[in-house]
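Residue-level structural notes
Below, each chain spelled out in residue letters.
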Amino acid sequence: MAGTAVRGRLTWQLADVVELVDETPRVKSIVLDVPDWPGHRAGQHVDVRLTAEDGYQAQRSYSIASAPEDDHVVLTVERLDDGEVSPYLTDELRPGDKLELRGPIGGYFVWEASLGGPLLLVAGGSGVVPLRAMLRHRAAARSAVPARLLYSSRSLGDVIYRDDLNRLAAYDEVDVRLTLTREWPTEWNGHRGRVDMELLSEVAWPPGDGALTYICGSTGFVEAAANGLVELGHDPARVRTERFGPSGSR
Amino acid sequence: MDALDGNAIAGQLMEVFGREMTMTIGTCGQCGAGARIAEFAVYVRGPGTVARCRSCDAILIVMTAIREINCVDLGGLADLTPE
C-alpha cells in the first residue's frame, strides 16, 4: 500500500472501525476513522474490499452516510442474506478492526449547499443513506434551502435513522415524509403504500418551482419515482438518480 | 437483469482514468444520444461490466479486470466530453 496518497488518485487504504451502530435489525452503521481522509461531498460513496486468507477478494460500494462536516466517516450497510460482503460487515466487524476502502467516489449524485434548491429527496429502503448525508450537510452548512424527504420503507421497524431524521425534520424548512409499504402501526398517520404519482404530486413542489431532485433506491423504485416526476412535469435535467442493485450492493 | 447506472462504476473509471468520470458526457456511437456516464445503464453481473446507451441500448463501455489488469473498451462511444 502506498504510504502517501496522491491527491485525486484513488488509493486503497485502511480505515479504523471506531463503532458499530444498530440502525434496524438488518442495518448497521460503521463509524470509521480514516487517516488522511481528503473530505467528501454529500452523496458520494466508497468502495470497500474484503480479502480472504486465500487471497480471494470481494468488493462493493457503500454510500457515505455522514456529512462532510461530521467528525467521522460513516457507512451504513444493509445485511443481504446471500451477500458476500454485507454479512461480514454487519455480523463480524468489531470496533478496533481495520477496513480496506477507497474513496470518496462519484461526482454526479452529489448535493452541496451551494447548489441551492428547493431540494427534493426520494428514498427507497437503504437508498436513504446518501440522502441523509445531504440533509446532515444542509444542517451543518446552515443552509436555508427548503428540503423534503420522501422515504419509503417496508415497515416502521425498517426505517433507518429514525431518530436522526426526526431531529433533522425539526428545522422549519425540512419536511420528512415516511411511507410504509407492507405494514404499519394501527395509529400510523404517515403515508401507506408505494411511492406513486399521487404521493409524488402531494409531496413534491410544483414543477415550476424547479426543485433539484435526488432519487436513490432499487432500480425499480428509482425508475418509478423518476418517471413519475417527469410525467408530472419536472425537468429531467434536475432529477438525479442512483440505483442500488437488486442485491443492494450499495 | 435490472440495470444499475454509471454511479456503480465510478470507482473503476476513476482507477483507470485517474479522475472523476461520471459527470463526463458520452456520445453514443450508434444513435448519437449524449448523456453523463452516471446516467448510462450499467450491468455489473456478467463476467465483465457493460454500460449501454439508455436511448438505443447500444454497448458503450465494456470493462474487465484480469489479474489486476483493467481492460477498458470504449469502442461504442463516439465522443467523451468532460463537463
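Keep in mind the model is a prediction, meaning the values are calculated, not measured.

The number of helices and strands found in chain A is 5 helices and 12 strands. By the compact-globule yardstick of 18 Å for 250 residues, chain A fits well, its C-alpha radius of gyration being 18 Å. Viewed in the frame of its principal axes, chain A has a C-alpha envelope of about 55 × 40 × 30 Å. Each of the 250 residues in chain A was classed as buried or not, and the buried ones make up 44%.

Before going further, it helps to spend a moment on the domain arrangement of chain A. Quoted interface sizes are often the accessible area lost when the parts come together. All names here are of chain A. Once the domains are mapped, chain A shows domain 1 (13–105) and domain 2 (113–244). A separation of 24 Å is found between the C-alpha centroids of domain 1 and domain 2. Taken residue by residue, the interface counts 15 residues in domain 1 and 14 residues in domain 2. When residues of the side of domain 1 that touches domain 2 are traced back to their parent elements, those giving at least two are strand S1 (13–24) and strand S5 (73–78). Along the lines of polarity and charge, the residues of the side of domain 1 that touches domain 2 split into 6 nonpolar, 5 polar and 4 charged.

With that settled, the discussion passes to the nonpolar core. All names here are of chain A. In terms of nonpolar packing, the biggest core is built from 80 residues, with Leu75, Leu121, Leu131, Leu149 and Ala225 touching the most fellow members. No other element matches helix H2 (residues 128–140), which puts 6 residues into this core. Two domains each donate at least three residues to this core, and these are domain 1 (13–105) and domain 2 (113–244). Sequence-distant contacts of Leu131, that is, excluding residues within four places in its chain, are made with Leu121, Ala123, Leu149, Tyr214 and Cys216.

Let's shift gears to the interface of chain B and chain A. Chain B puts 17 residues into the contact, and the matching count from chain A is 18 residues. Of all elements in the fold, only strand S1 (4–5) and helix H1 (10–17) of chain B reach the threshold of two or more residues within the side of chain B that touches chain A. Among the elements that line the side of chain B that touches chain A, the one with the most residues is H1(B), at 4 residues. Grouping the amino acids of the side of chain B that touches chain A by side-chain chemistry returns 7 nonpolar, 4 polar and 6 charged.

What counts and how
- Residues numbered from 1 in each chain as written.
- Chains lettered and ligands numbered in written order.
- Predicted model: local features only at pLDDT ≥ 70, side-chain atom pairs only at ≥ 80, totals over all residues.
- Helix = DSSP H or I, 4+ residues; strand = E, 2+ residues; numbered from the N terminus.
- Rg over C-alpha atoms; globule rule 2.2 N^0.38 Å.
- Buried ≥ 20, exposed ≤ 12 C-beta atoms within 10 Å, placed from the backbone.
- Domains from an automatic or database assignment.
- Contact = placed C-beta atoms within 7 Å.
- Nonpolar A, V, L, I, M, F, W, Y, C, P; charged D, E, K, R; others polar.
- Core = buried A, V, L, I, M, F, W, Y, C linked by C-beta atoms within 7 Å.

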